[in-house]
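Architecture at a glance
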Amino acid sequence: MARPFTTATRPLLGGHAVPQPTAARDPSLKRNPAFARLTPADIAHFQSILPSASAVLYADGAAVTQDDLLPYNMDWMRKYRGQSSLVLRPSTTDQVSKILKYCHARGLAVVPQGGNTGLVGGSVPVFDEIVLNLANMNKIRSFDAVSGVITVDAGCILEVVDDHLRTFGHMMPLDLGAKGSCQIGGNLATNAGGLRVLRYGSLRGSVLGVEAVLPNGDVLDTLVPLRKDNTGLDLKQLMIGAEGTLGVITAASILAPVRPNATHVAVVAVPDYAGVQAAFLNARTMLGETLSAFEFWDSAACQLVDEHLSHVRHPLESQQPGAFNVLVETAGADAEHNMAKLDAYLEKLMDEGVAVDGAVAQDQAQALAIWAVREGIPEACSKAGAVFKYDVSVPVPDLYELVEATRTRLAELKVPGVLSVIGYGHVGDGNLHLNVAAEDYTKQVTNALEPFVYEWVASKRGSISAEHGLGLMKPKHLHYSKTKQAIDLMQQIKKVVDPKGIMNPYKYLPEPEH
Ligand code: FAD
Ligand code: MLT
Ligand code: ZN
């Protein structure tokens, strides 16, 4: 069953103002003086590698202006803005290799960019780094229905690949609200989670092979479509989740599951967070192997969707303040059997007083309407204002405490400009999205939230990034989730793979201590 695509491509310059450049807002960021600055000879060289006029976008102030490059310099949240004057749009792995070989020799810094839907500032430059945009690498290379292995260029859009697989009765094991814009390369680079981790596990387990161009231009080809391969270190895993700091992913082989032919969706209202947990426990025991998604959101999130997304209508009538909604999806081969299970589940929740209201979608339109509420939350939140996003993993019983503690703290500190504090996410994976919508990205709000949120997560031995990654937002805070030894080792690996540090600089890892 198809779900609605919540567009992640928003009109630029509408709504909130274009932010100041990131580096102007944060004086602690200093351009690395070791990086070369672009010269006319560099531009001419890139034009010789990429002969198509639209593949080299250089803001010379005449044919191309700095404003034309804004969509490549600014992130989806309008929080981070770089100042690059050059965007390269290669179509082949060989072109990527030639570009990186040249950048490595010249000491030119590079930011790999997919659909630019990342939520931690990793996909846009900080200063004048060259943007290497993968959108033109968009070929589906092969699909083998027997093994279920699909091999695609990194710039393929997730939804396009999923639609292609649909024609063969298969699907991508990964699904997220940005599926209409995000690319496979970006998905791998962030090890994106999303709505089906509960069913299909982490993306790491579904990726069989990766082709990547290393910072010196060498091509690392691990595109073997094998499920089992114990021959040495699993180097593809280095590229997955590295957020473009170790090289550019140019292709991937992914194990695509068979698409279930019967999918059912229910939404349930529960009065409190204890009810969310009870609903989850019952879902695991009663729905078993058919359970394919279990999401939750609070009433404050509901309110934002109501206020800001006129095209989305909540399927349940009353949304009591303090109450929660859960979305339960099942998927399998036997429609009648699955529907009966879901009905019995809902009946039990109502009989036992776990749920105060609930509805099972009777057709695809109703299922889409339920998903639209859940997937509309990030968009509604960003329409409300500037969004401070925290994406954490903590044990399920503790998860919502963080939202309550944050609300209490912001109220006690009387932080000006806070509009709403909401909690939602992939509760089945222990993954909370805490979002604070505010009038602007101010230091007062940031200082009230950080390190408070990170300290709270560390006190539960949680992760400060469950799925969105580190980007520019979290390198300084990595120590809340990783030991010094682990961070040291990551820095050593970075040094070996990218000795000049040209790949996506200023991000992901803290600067090594000297
Ligand atoms: P980009 O944003 O372009 O880049 C992200 C990072 O990957 C950057 O560091 C970039 O340098 C690097 N990168 C991109 N392409 C490559 C490449 N080919 N090689 C090497 N590095 C590369 N994330 C989740 O995990 N779960 C969700 O449920 C989810 N839902 C979302 C919903 C919305 C509405 C939005 C806007 C975002 C959501 N995200 C989610 C975050 C984001 O969509 C994902 O992280 C996505 O995987 C990023 O893909 P992208 O192509 O847009 O990458
Ligand atoms: C989601 O689950 O909706 C995504 O991770 C995006 C977000 O949290 O904004
Ligand atoms: Zn998420």
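Residues numbered from 1 in each chain as written. Chains lettered and ligands numbered in written order. Predicted model: local features only at pLDDT ≥ 70, side-chain atom pairs only at ≥ 80, totals over all residues. Heavy atoms only, no water.

1. Things to note about the sheet that holds strand E9 (residues 248–255)
Note the threshold: Only when DSSP finds a minimum of two bridges between them are two strands counted as paired. Comment: elements are numbered from the N terminus, with helices defined as DSSP H or I runs of at least four residues and strands as E runs of at least two. Each axis is a line fitted through C-alpha atoms, taken for helices only over the stretch in contact, and angles between the N-to-C directions span 0 to 180 degrees. Any two residues having at least one pair of non-hydrogen atoms within 4.5 Å are treated as being in contact.
An order of E5-E6-E9-E7-E8 is seen for the five strands of this open sheet, with the pairing classed as antiparallel. If you trace the sheet from one side to the other, it starts and ends with strand E5 (140–144) and strand E8 (219–221), each paired once. Here the average twist between neighbouring strands, direction ignored, is 10°. Where strand E6 (residues 149–153) meets E9, five bridges bridge the pair, whose relative direction is antiparallel. Looking at E9, one finds that Val 152 is bridged to Ala 252. Docked against the sheet, helix H4 (residues 93–106) engages E5, strand E7 (207–213), E8 and E9, running at close to 50° with respect to E7.

2. A few points about the nonpolar core
So the rule is basically this: Residues enter a nonpolar core if they are buried and are Ala, Val, Leu, Ile, Met, Phe, Trp, Tyr or Cys, with the set joined through side-chain atoms within 4.5 Å. Note on exposure labels: buried denotes an accessible area under 20% of the residue type's maximum, exposed denotes more than 50%, and partly exposed covers the range between, all computed with a 1.4 Å probe on protein chains only.
In terms of nonpolar packing, the biggest core is built from 90 residues, with Phe 46, Leu 88, Val 276, Phe 294, Phe 296, Tyr 345 and Tyr 390 touching the most fellow members. A per-element tally of this core places helix H10 (residues 273–287) first, with six residues. Grouped together as the second largest cluster of nonpolar side chains are 34 residues, Leu 188, Val 207, Met 239 and Ala 252 included.

3. Section: a nonpolar patch on the surface
Keep this limit in mind: Within the patch definition used here, like charges are joined within 9 Å and nonpolar side chains (Val, Leu, Ile, Met, Phe, Trp, Tyr) within 5 Å, considering only residues with over 30% relative accessible area and no salt bridge. The method behind every accessible area is Shrake-Rupley, applied with a 1.4 Å probe, and residues are considered shielded solely by the protein chains displayed. When a carboxyl oxygen of Asp or Glu lies within 4 Å of a side-chain nitrogen of Lys or Arg, that pair is called a salt bridge.
Taken together, the side chains of Leu 233, Leu 235, Leu 238, Leu 489 and Ile 493 define a hydrophobic patch exposed on the protein surface, amounting to about 450 Å² of accessible area. For Leu 235, the location among the structural elements is in the loop between E8 and helix H9 (236–239). Relative accessible area serves as the criterion here: at 37%, Leu 235 is assigned to the partly exposed category.

4. As for the packing of helix H2 (residues 40–49) against H4
Using the following cut-off: When an angle is under 35 degrees it counts as roughly parallel; over 145 it counts as roughly antiparallel; between 65 and 115 it counts as roughly perpendicular; any other value is oblique. Whether a crossing is left-handed or right-handed is set by the direction in which the near helix is turned from the far one by less than a right angle, anticlockwise for left-handed and clockwise for right-handed. In this count, Pro and Cys sit with the nonpolar residues alongside Ala, Val, Leu, Ile, Met, Phe, Trp and Tyr, while Asp, Glu, Lys and Arg are called charged and the others, Gly among them, polar.
At a minimum axis separation of 10 Å, H2 and H4 run at an interaxial angle of 160°. Here H4 runs roughly antiparallel to H2, going by the angle between their axes. Classified by chirality, the crossing of H4 by H2 is right-handed. Contacts from Ala 41, Asp 42, His 45, Phe 46 and Ile 49 of H2 reach H4 at Gln 95, Lys 98, Ile 99, Tyr 102, Cys 103 and Arg 106. Its residues placed into classes, the contact of H2 with H4 shows six nonpolar, two polar and three charged.

5. Brief notes about the packing of H10 against helix H12 (residues 335–351)
A packed helix pair is summarised by two numbers, namely the angle formed by the two axes and the spacing between the axes. Direction vectors running N to C along H10 and H12 enclose 145°, while the axes themselves pass 10 Å from each other. In the packing of H10 onto H12, the handedness of the crossing is right-handed. Across the interface between the two elements, Ala 279, Asn 282, Ala 283, Met 286 and Leu 287 of H10 pack against Lys 341, Leu 342, Ala 344, Tyr 345, Lys 348 and Leu 349 of H12. Residue composition of the contact of H10 with H12, grouped by class: eight nonpolar, one polar and two charged.

6. Concerning the coordination of the zinc ion (ligand 3)
Let me state the cut-off plainly: Here a donor is any nitrogen, oxygen or sulfur atom (N, O, S) within 2.8 Å of the metal, with 3.2 Å used for Na, K and Ca; water is not among the atoms considered, so some sites may look incomplete.
At this site the zinc ion (ligand 3) is bound by His 426 (NE2), His 433 (NE2) and Glu 467 (OE), with donor distances of 1.9 to 2.1 Å. Sequence spacing of the donors to the zinc ion (ligand 3): H-x6-H-x33-E. Residue His 426 is located in strand E15 (residues 418–426), and its partner Glu 467 is located in the loop between helix H16 (452–459) and helix H17 (484–497); the two are separated by 41 residues in the primary sequence. His 426 sits in the buried class, given a relative accessible area of 2%.

7. Details of the environment of Val 87
With respect to the helices and strands, Val 87 occurs in strand E2 (residues 86–88). C-alpha separation for the pair Val 87 and Tyr 58, spaced 29 residues apart in sequence, amounts to 6.5 Å. Discounting residues that sit within four places of it in the chain, Val 87 has contacts with Ala 55, Val 56, Leu 57, Leu 69, Tyr 72, Val 131 and Asn 133.

8. Quick notes on the sheet that holds E2
The sheet built from four strands is open, its strands ordered E1-E2-E4-E3 with mixed pairing. At either margin of the open sheet sits one strand with a lone partner, and together these are strand E1 (56–58) and strand E3 (110–113). Neighbour-to-neighbour, the strand axes of the sheet open up by a mean angle of 20°, direction not taken into account. Of the strands in this sheet, E2, E3 and strand E4 (130–133) are in contact with H4, which crosses E4 at around 165°.

9. Quick look at the site of ligand 1
Applied cut-off: For each residue, the test is whether any non-hydrogen atom lies within 4 Å of the molecule or strand; if one does, the residue is near. Polar contacts, as used here, are pairs of N or O atoms within 3.5 Å; protein pairs need one atom able to donate a hydrogen and one able to accept it. Residues neighboring in sequence count only if both atoms are side-chain atoms.
Every one of the 34 residues lining ligand 1 counts as a neighbour, but Pro 112, Gly 114, Gly 115, Thr 117 and Gly 118 are closest to it. Pro 112 is positioned such that a nitrogen or oxygen atom in its backbone is 2.6 Å from an oxygen atom of ligand 1. Within the contact set of ligand 1, an oxygen atom lies 3.1 Å away from a side-chain nitrogen or oxygen of Asn 504. Within the residue set of the shell around ligand 1, elements represented by two or more residues are E3, helix H6 (184–189) and E9. Sorting elements by how many residues they give to the shell around ligand 1 places H6 first, with four residues. Taken together, the residues that form the shell around ligand 1 break down as twelve nonpolar, 20 polar and two charged.

10. Comments concerning the packing of aromatic side chains
Note the following rule: Centres within 6.5 Å make a pair out of two Phe, Tyr or Trp rings, where for Trp the six-membered ring is used; the pair is then stacked when the planes are under 30 degrees apart, edge-to-face when over 60, and tilted otherwise. Two conditions define a charge located above a ring, namely a distance within 6 Å from the ring centre to NZ of Lys or CZ of Arg, and an angle within 35 degrees of the ring normal.
Evaluated as defined, the whole model comprises 14 aromatic pairs. Between Tyr 273 and Tyr 400, the ring centres sit 5.8 Å apart and the planes meet at 25°, which makes this aromatic pair stacked. Of the two residues, Tyr 273 is situated in helix H10 and Tyr 400 in the loop between strand E14 (386–393) and helix H14 (401–412); the sequence distance between them amounts to 127 residues. Its relative accessible area of 10% is what places Tyr 273 among the buried residues. Of the residues examined, Tyr 400 reaches a relative accessible area of 5% and is grouped as buried. An angle of 85° between the planes, with centres 6.2 Å apart, marks the rings of Phe 296 and Tyr 400 as edge-to-face. Of this pair, Phe 296 sits in strand E11 (residues 291–298) while Tyr 400 sits in the loop between E14 and H14, and the two are 104 residues apart along the sequence. A single burial state applies to Phe 296 and to Tyr 400, both of which are buried. Among the aromatic side chains, those forming a connected cluster through ring pairs are Tyr 273, Phe 296, Phe 324 and Tyr 400. Sitting over the ring of Phe 280, Arg 284 keeps its end group 5.4 Å from the ring centre.

11. Topic: the domain arrangement of the chain
How we decide: An automatic or database domain assignment supplies the start and end points of every domain. Buried area, as used here, totals the accessible surface that two parts lose on assembly, with accessibility defined by a 1.4 Å probe and the loss added over both.
When its domains are assigned, the chain resolves into domain 1 (22–133), domain 2 (140–255), domain 3 (261–384) and domain 4 (385–470). With 20 residues of domain 3 in contact, the opposing surface of domain 4 contributes 23 residues. Approximately 1,600 Å² of surface area, both sides summed, lies buried where domain 3 meets domain 4, with 64% of it carried by carbon and sulfur atoms. It is Tyr 273, Phe 296 and Cys 381 that lose the most area in domain 3 upon contact with domain 4, and together they represent 32% of the buried surface on that side. Between domain 3 and domain 4 we count one salt bridge in total. In this structure, the salt-bridge partner of Arg 407 is Asp 298, at a minimum N-O distance of 3.1 Å. Our count for the contact surface shared by domain 3 and domain 4 stands at ten residue pairs in polar contact (both at pLDDT 80 or more). Elements supplying a minimum of two residues to the side of domain 3 that touches domain 4: H10, E11, helix H11 (299–308) and helix H13 (364–384).

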